[in-house]
Amino acid sequence: MLELDNIVKNYVSGDTTVKALKGINLKFRDSEFVSILGQSGCGKTTMLNIIGGLDRFTNGDLRINGRSTKNFKDRDWDAYRNNSIGFVFQSYNLIPHQTVLANVELALTLSGVSKSERRKRAVEALEKVGLKEQIHKKPNQMSGGQMQRVAIARALVNDPDILLADEPTGALDTETSVQIMEILKEIAKDRLIIMVTHNPELAEKYSTRIIRLLDGNIVDDTNPYSEEQMKADASASQKETKAAKNGKAKKQKTSMSFFTALSLSMNNLMTKKTRTILTAFAGSIGIIGIALILAISNGIQDYIDRVQRDTLSSYPVQIQSETMDISSMVEMMVGSEDESSEHDRDKVYSNMIMTELVNTMISEVKNNNLKEFKKYIESDESGISEYAADIQYSYNVDINIYDNDTSDGVTRLNPSTIMESMYGGSGSSSSQGGMPAAMYTNANVWSQLLGNNELLDSQYDMVAGNWPADYDEVVLVIDENNEVDDYTLYSLGFKDPDEVNTMFKKIMAGETYETEEEEYTYDEVLEKKFKLILPTDYYEYNEQKGIWEDKSKDDAYMKTVVDNGKDIKIVGIIRPKEDAVNTAIKSGVGYTKELMEYIIDGVNDSKVAKAQLANEETDIFTGIPFANDKDTPITMDDVNAYVATLPAEEQAQMKGFMSQMTEEQILASYSESLKAQTTEATFEGNKEILGITNLDNPSEIDIYAVSFDAKERIQDIISDYNKKVTDDGKEENAINYTDYVGIMMSSVSTIITAISSVLIAFVAISLVVSSIMIGIITYISVLERTKEIGILRSIGASKKDISRVFNAETLIEGFVSGAMGIIITLLLCIPANAIIENVTTIAGVAKLPVAGAVILVIISMVLTLIAGFVPAKMAAKKDPVVALRSE
């Protein structure tokens, strides 16, 4: 028997106290259908929650079969809800990720009923409400009436003494409401049903007793339970109570098994497969990192050493005509750091290195006689060809390339003027906005191909066309995705270079500018042609002035020159091989050494070059001797040049005046007021402007070694050459160069050691971070499953059970993360071993120990479990009444 004795319920909100129930006194029969009516806010649902053990009364007492609940603990209330109460809610409150059968079985799992017995009783309960054929559906596959029947079946499956129904027909249509009320009427024959409703018609038709509430007080009771009836019913039920104790007494203590918690959590995770997988993957990243380190730790150093050797073999030994010994500077700077004096650290002290640095910079600038060295390495004496994959010679000569189409004027493509057009003309030390000239100097997208065809074939795939067979043929280099950066496209004329200037101006003005992605067929690329102009083609002889003039700014002249220029065509498209460690040219156009030889031969054979070489004392662009200075005596050329600057009338007067004088008299009269013309040009400078050079005297020699060991042998050959010329008394021919890669690699071992030490700590941090992320995801899951928490609590789940559900969820996430990390690592080990074996010939380097894998999975589970403790505790502390109201 259920009895409410002067029940008071107050809600405190700040300084305000709301009295929901004001001393309710009610007694209920063991089997009757009670309807509670009243307007919203009168305390109906509050009273129902207190009867159901979801809410606690402020004062008074709730007696169950004569037993006071004043001293009930949480576990007592949990057992009471599980064994004695069945809830039916207006909004059904079914767990969406569980099947109909699983929803009904849920209360039995807390009672410790076996799996077979649970299934049997759940099916029977569903059969009673007419849903035996729907047991495998999910709630979202059913109608409102069917879901309410499932809720009734769940309320009945544990054979409760009391069934509490809160607006069970509130969300149903009239026909379905009648069906539900008929089911409840039938149930009320052998148990107590207390129903809260706003529908007086249904209450009148189906209830055996109607109680009306108003402002927390009972104002009417159509069939009160009197003391005499209580005594008569009590004596009649004593025998039944004794039989129950001797027979199947209800279990008082409830507990959710860990496997049930795992099942609930697994079902929930499976409803969010994508998020679960992504979360697990994110959590597995740290595991993958540590597992990979474990897998390859035994062979990683050998692997790194081998990769270093392969990579270094792609970089040339670079020798320039003028060079600086960077290694001496590095040693000086490192030494100055090591030799710094000791002093108190109470002030800031200067470290005097600038004087030594400047001295080192000046003293270490060396000139190399590459002409003699080229002779040596091309001779059989050096033996360098055995160790060199290719030897490239570079010259200080520009490859002047123009667009083949001159209909809208000439367009120089190489050296590229794109950056120059954006930031201003070349030649100035700074550009608009203070941009240094170095930032926009002409960038070259034309590079010389290696002369070793075997090496080229090993680095590139020929996508279309063929390799160049002559000086006028080139290839286009694309990347592994068949892409070419748009800077290169602008520089080659595939895209209009003027568009860059327009883009720059609009963006600088704060406007938006969008460019479209373009594509080109192989045929369109192979049809592309360019015009080659020699450096000497820019100059034309002025017979009147007797000098060579630069005509590069004369549009008409340049159009004629470009139209008559040599055709250069793209004959092939190459792409780096997938397994290439490095390639000589990353992008742009590749040309053969024959193109540079053609340019040099053409320059040396030009009239302007021959004119300058024939007159080493005079600047052919001005007619002024290189040696002239302010003290040089003037000549008639100087006088005539001065007269030419005067207005026409004065020129005529001066010429008439000078016609009456001898040359000596003229020079004498101007010697005080006129100085000799001077030029800042030099003979060597003019040679460089015109591109005059000798194929035997390069400006740079690049020696590509076949391997790292071969590179060391090449360095030995250079050392032997230096010793030989020094012994011959020709120290000026000794070669000085900087091994940039060697300087870089001198610290690589230290870096690798540091990385190896830090790497495990780093991935361990990522593992912890990913575990925290799983904790955050669990907290989000708590927020998403708030109503589920309320449902579980309403059927008797304890706080520990709720905590166990979410702990199980994090444990599953941890296990999946760990297992996924191990599986991915094992999968990665397959290609890793294949790659390592292919590159280093070392087989089976990556091998993950079984014990290490198991430990990593356990670590992942432990970390995620720890990370999920706080969200799990938060879930356990949620108020079930509040939780049930959430959506």
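Residues numbered from 1 in each chain as written. Predicted model: local features only at pLDDT ≥ 70, side-chain atom pairs only at ≥ 80, totals over all residues. Heavy atoms only, no water.

Quick look at unusual backbone geometry
To keep things clear, this is the line we draw: Helix and strand definitions here come from DSSP, where helices need a minimum of 4 consecutive H or I residues and strands a minimum of 2 consecutive E residues; each element is numbered from the N-terminal end.
Look at the link from Asn414 to Pro415: it is a cis peptide, with omega at -5°. Tracing the sequence through the fold places Pro415 in the loop between strand 16 (412-414) and helix 15 (418-423). Although it is not a glycine, Asn482 adopts a positive phi angle of roughly 60°. Structurally, Asn482 can be placed in the loop between strand 19 (473-477) and helix 17 (486-492).

Examining the sheet that holds strand 14 (residues 388-394)
Going by this rule: Whether two strands pair comes down to DSSP finding at least two bridges between them. Axis definition: a line fitted to C-alpha atoms, limited for helices to the stretch in contact. Angles are taken between N-to-C directions and run from 0 to 180 degrees. Any two residues having at least one pair of non-hydrogen atoms within 4.5 Å are treated as being in contact.
Sheet architecture is open: three strands sit in the order 11-25-14, paired in antiparallel fashion. Of all the strands in the sheet, just strand 11 (316-320) and strand 14 have a single pairing partner and so form its edges. Across the sheet, the mean angle separating the axes of adjacent strands is 15° when strand polarity is ignored. Along the sheet face, helix 14 (residues 370-377) touches strand 11, strand 14 and strand 25 (700-705) and points at about 30° away from the line of strand 25.

Details of the sheet that holds strand 6 (residues 85-89)
Across a sheet, strands are paired by hydrogen bonds formed along the backbone, either parallel or antiparallel in direction. Here six strands make up an open sheet; going across it, the order is 6-7-8-3-9-10 and the pairing mixed. Since the sheet does not close on itself, it has two edges, and those belong to strand 6 and strand 10 (217-221), each with one partner. Averaged over all adjacent pairs, the angle separating strand axes in this sheet is 20°, with direction ignored. As defined by bridge partners, strand 9 (residues 209-214) adjoins strand 10 across four bridges and the pair is classed as antiparallel. When the bridges of strand 10 are listed, Leu214 appears paired with Asn217.

Quick notes on helix 32 (residues 850-876)
As a reminder of what qualifies: A helix is expected to span 1.5 Å multiplied by its residue count minus one. At every residue, the bend is computed as the angle between two fitted axes, covering the seven residues ending there and the seven beginning there respectively. Throughout, exposure labels follow a simple rule: accessible area from a 1.4 Å probe, protein chains only, divided by the maximum for the residue type, with under 20% read as buried, over 50% as exposed, and the rest as partly exposed.
With 27 residues, helix 32 extends 37 Å between its outermost C-alpha atoms, agreeing within 8% with the 39 Å of an ideal straight helix rising 1.5 Å per residue. Maximum bend of helix 32: about 40°, positioned at Phe869, with proline Pro871 one to four residues after it. Listed as buried for helix 32 are Gly852, Ala853, Leu856, Val857, Ser860, Thr864, Gly868, Pro871, Ala872, Ala875 and Ala876.

As for the pairing of strand 2 (residues 16-28)
In terms of strand pairing, strand 1 (residues 2-13) meets strand 2 through ten bridges, oriented antiparallel. Looking at strand 2, one finds that Glu3 is bridged to Lys27. Once strand 1 ends, the chain turns through two residues before running back antiparallel as strand 2, passing Gly14 with a positive phi of about 65°.

Things to note about the packing of aromatic side chains
To be explicit about the condition: Centres within 6.5 Å are what make two rings of Phe, Tyr or Trp a pair, Trp counting through its six-membered ring; a difference in plane orientation under 30 degrees is then read as stacked, over 60 as edge-to-face, and the rest as tilted.
Inspection of the entire model under this criterion finds eleven aromatic pairs. Between Trp77 and Tyr80, the aromatic rings sit 5.8 Å apart at their centres with planes inclined by 70°, giving edge-to-face as the arrangement. In this pair, Trp77 and Tyr80 are both assigned in helix 2 (residues 74-84), three residues apart and thus about one turn of the helix distant. The residues Trp77 and Tyr80 share a single accessibility class, namely buried. Measuring from ring centre to ring centre gives 4.2 Å for Tyr471 and Tyr598, while their planes differ by 15°; the resulting arrangement is stacked. Of this pair, Tyr471 sits in the loop between strand 18 (460-465) and strand 19 while Tyr598 sits in helix 21 (residues 593-604), and the two are 127 residues apart along the sequence.

Quick look at the pattern of salt bridges
Filter applied, for reference: Salt bridges are counted wherever a side-chain nitrogen of Lys or Arg sits within 4 Å of a carboxyl oxygen of Asp or Glu.
Going through the model one piece at a time under the given rule, you end up with 30 salt bridges. Measuring nitrogen to oxygen at the nearest pair gives 3.1 Å for the salt bridge that ties Arg209 to Glu32. Taken together, the positions of Arg209 in strand 9 and Glu32 in strand 3 (residues 32-37) put the pair 177 residues apart, joining distant regions of the chain. Just as Arg209 is buried, Glu32 falls in that class too. A salt bridge links Asp567 to Lys531; the shortest N-O distance between them is 2.8 Å. One end of the pair, Asp567, is in strand 23 (residues 566-576); the other, Lys531, is in strand 20 (residues 529-533), and 36 residues separate them in sequence.

Brief notes about the confidence of the model for the chain
Definition in use: Confidence of the predictor in every single residue is expressed as pLDDT, which spans 0 to 100.
A residue-level look at the chain finds 82% of positions with pLDDT of 70 or above and a mean pLDDT of 80. Confidence over residues 426-442 falls short of pLDDT 50; this stretch has 26 contacts with residues more than four positions distant or in other chains.

A few points about the nonpolar core
The line we're drawing: Take the buried residues of types Ala, Val, Leu, Ile, Met, Phe, Trp, Tyr and Cys, join any two whose side-chain atoms come within 4.5 Å, and each joined set is a nonpolar core.
In terms of nonpolar packing, the biggest core is built from 89 residues, with Leu2, Leu4, Phe28, Leu184 and Ile194 touching the most fellow members. Setting aside anything within four residues of it in sequence, one finds Leu4 in contact with Ile24, Asn25, Leu26, Phe28, Met47, Ile51, Asp61 and Leu62. Val317, Trp446, Tyr591 and Ala609 belong to the second-largest nonpolar core, a separate cluster that totals 65 residues.

Some thoughts on the environment of Asp567
Basically, it comes down to this: Side-chain atoms alone can form a polar contact between residues adjacent in sequence; in general such a contact is a pair of N or O atoms within 3.5 Å, and within protein one must be able to donate a hydrogen while the other accepts it.
Taking the relative accessible area as the measure of exposure, Asp567 reaches 34% and is therefore partly exposed. Counting along the chain gives 163 residues from Asp567 to Asn404, while the straight-line C-alpha distance between them is 8.0 Å. Discounting residues that sit within four places of it in the chain, Asp567 has contacts with Asn404, Asp472, Phe530 and Lys531. A distance of 2.8 Å separates polar atoms of two side chains, one belonging to Asp567 and the other to Lys531.

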